[in-house]
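Here's the letter readout for the chains.
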Amino acid sequence: MAQQKKKTSSSSKAVKTASRSSASKNTARGQSKSPSKNISRTAAQTNSSRPRNEVYVQNSGDSLYDEILMIALIILSVIIMLSLCTPFMGVFGEYIDKLFKGLMGISAFVLPIFVSVFAVWWLLAKRRRFAAAKAIGIALFIVSFSAFFHLITEKGGSFNDIGFFKRISGFYKDATGVNGGVIGGIAGYYLHKFLGWGSYIVLAASMIIAVMLSTGKSLVTGIVSAIDYFDERKRVKEAELK
């Protein structure tokens, strides 16, 4: 009996020691996890203690800067268009006229319109989706349009190998409002050099893609919508005649 009591007491002591060790381990684990929990709680308290309108103030500040930039672009576009089309801008207008026509030819008239439309869209749109794609589409259209008119109006003199910088200088000096200027001259020259008449196909496709990017509209969807519209009008007229 004494031996059984000793065994029982020793087993109970072992159970107590095991429970104490497990409790100490759990306490240590809880202490090791508590700093991260405390940090997260502190961060949550900090975020909750911030003013609710702080995010709104930051967003409104960004939108204010965007609005100022877009209005400045609209004003600049109007100045460029007046300089290109009228003599009312003085010496500054003459310089702008020569610079933009020399750089992009006929696209000098297109660029202010596209930039103004983009700026107005930016100001009025609630969700400015694919803004980068629209900007890329505008740039692609400017280059393709200038190159296309360079190929149409060029008589062949610039396709001779006279050196790169001399060719650029010739494009700038000979630029008018009906050719491609420097940008169109370079793009059109190298496209014609490597593709020949295929350059017209490439440029036409580039302009179509550019319009799709800048407007965000599908060409196929637009054609189908136009066909449906004319069909509907035809049905209405037939119904009125009956």
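Residues numbered from 1 in each chain as written. Predicted model: local features only at pLDDT ≥ 70, side-chain atom pairs only at ≥ 80, totals over all residues. Heavy atoms only, no water.

**Quick word on the confidence of the model for the protein chain**
Averaged over all residues, the pLDDT of the protein chain equals 79, while 71% of them reach at least 70. Confidence drops under pLDDT 50 across residues 1-11; counting only partners more than four residues distant or on other chains, this segment forms zero contacts. Per-residue pLDDT stays below 50 along residues 52-61; that stretch engages in zero contacts with residues further than four places along the chain or on separate chains. (pLDDT = per-residue confidence, 0-100. Contact = heavy atoms within 4.5 Å.)

**So, the nonpolar core**
Counting 19 residues, the largest nonpolar core has Phe 100, Phe 141 and Phe 145 as its most contacted members. Secondary-structure elements contributing two or more residues to this core are α2 (54-85), α3 (90-104), α4 (107-124), α5 (131-153) and α8 (198-215). Not counting residues up to four positions away in its chain, the partners in contact with Phe 100 are Ile 80, Leu 84, Gly 105, Ala 108 and Leu 111. (Core = buried A, V, L, I, M, F, W, Y, C linked by side-chain atoms within 4.5 Å. Buried < 20%, exposed > 50% of the residue type's maximum accessible area, 1.4 Å probe, protein only. Helix = DSSP H or I, 4+ residues; strand = E, 2+ residues; numbered from the N terminus.)

**Describing the packing of helix α7 (residues 181-195) against α8**
Remark: α7 packs on α8, axes separated minimally by 8 Å, with the N-to-C direction vectors making an angle of 130°. Taken as axis vectors, α7 and α8 run oblique relative to one another. Where α7 approaches α8, its residues Leu 191, His 192 and Leu 195 are matched on the opposing element by Gly 198, Ser 199, Val 202 and Leu 203. Along the lines of polarity and charge, the residues of the contact of α7 with α8 split into four nonpolar, three polar and no charged. (Axes fitted to C-alpha atoms, helices over the stretch in contact; angles between N-to-C directions. Parallel < 35°, antiparallel > 145°, perpendicular 65-115°, else oblique. Nonpolar A, V, L, I, M, F, W, Y, C, P; charged D, E, K, R; others polar.)

**Brief notes about the environment of Trp 122**
Within the secondary structure, Trp 122 sits in helix α4. Each C-alpha atom, one on Trp 122 and one on Asp 66, is 8.5 Å from the other, the two residues being 56 residues apart in sequence. Once you skip the residues sitting within four places of it in the chain, Trp 122 turns out to touch Asp 66, Met 70, Arg 128 and Ala 131.

**Remarks on α7**
For α7, which comprises 15 residues, the first-to-last C-alpha distance of 20 Å matches the rise-based estimate of 21 Å (1.5 Å per residue) to within 8%. Considered for burial, the residues of α7 that qualify are Gly 181, Val 182, Gly 184, Gly 185, Ala 187, Gly 188 and Tyr 189. Contacts made by the buried residues of α7 are with α3, α5 and α6 (164-173). Remark: Gly 196 follows α7 within two positions and exhibits a positive phi of approximately 65°. (Expected span 1.5 Å × (residues − 1).)

**What about the side chain of Ser 144?**
Along the chain, Ser 144 falls in helix α5. Of note is the side chain of Ser 144, whose polar atom sits 2.8 Å from the backbone oxygen of Leu 140. Setting aside residues no more than four positions away along its own chain, Ser 144 makes contact with Leu 203, Ser 206 and Met 207. (Polar contact = N/O pair within 3.5 Å; in protein donor to acceptor, adjacent residues only side chain to side chain.)

**A look at the pattern of salt bridges**
Pairing is possible between side chains of opposite charge, provided their charged atoms come close. This structure, assessed with the given rule, holds two salt bridges. Ionic pairing is found between Lys 101 and Asp 97, a salt bridge with its closest N-O pair at 3.1 Å. Taken together, the residues Lys 101 and Asp 97, both in helix α3 and four residues apart, mark about one turn of the helix. Overall, Lys 101 belongs to the buried group, its relative accessible area being 17%. (Salt bridge = Lys/Arg side-chain N within 4 Å of Asp/Glu carboxyl O.)

**Digging into the side chain of Ser 77**
Within the secondary structure, Ser 77 is located in helix α2. For Ser 77, a relative accessible area of 5% translates into the label buried. With residues up to four places along the chain from it excluded, the contact list for Ser 77 reads Pro 112, Val 115 and Ser 116.

**Comments concerning unusual backbone geometry**
Residue Phe 130 is not a glycine yet carries a positive backbone phi of 60°. Here Phe 130 lies in the loop between α4 and α5. With a relative accessible area of 58%, Phe 130 lands in the exposed category.

**Description of the packing of aromatic side chains**
With the rule as written, the count across this model stands at 12 aromatic pairs. Ring centres of Trp 197 and Tyr 200 lie 5.2 Å apart, and the angle between their planes is 20°; on these two criteria the pair is classed as stacked. Judged by relative accessible area, which is 68%, Trp 197 ranks as exposed. Pairing Tyr 229 with Phe 230 gives two aromatic rings, centres 5.5 Å apart and planes at 70°, and the pair type is edge-to-face. The structure contains a cluster of three or more aromatic residues connected by ring pairs, namely Phe 114, Phe 141, Phe 145, Phe 148, Phe 149, Trp 197 and Tyr 200. Over the ring of Tyr 189 we find Arg 167; its NZ or CZ atom is 4.0 Å from the centre of that ring. (Phe/Tyr/Trp six-rings, centres within 6.5 Å; stacked < 30°, edge-to-face > 60°. Lys NZ or Arg CZ within 6 Å of the ring centre and 35° of its normal.)

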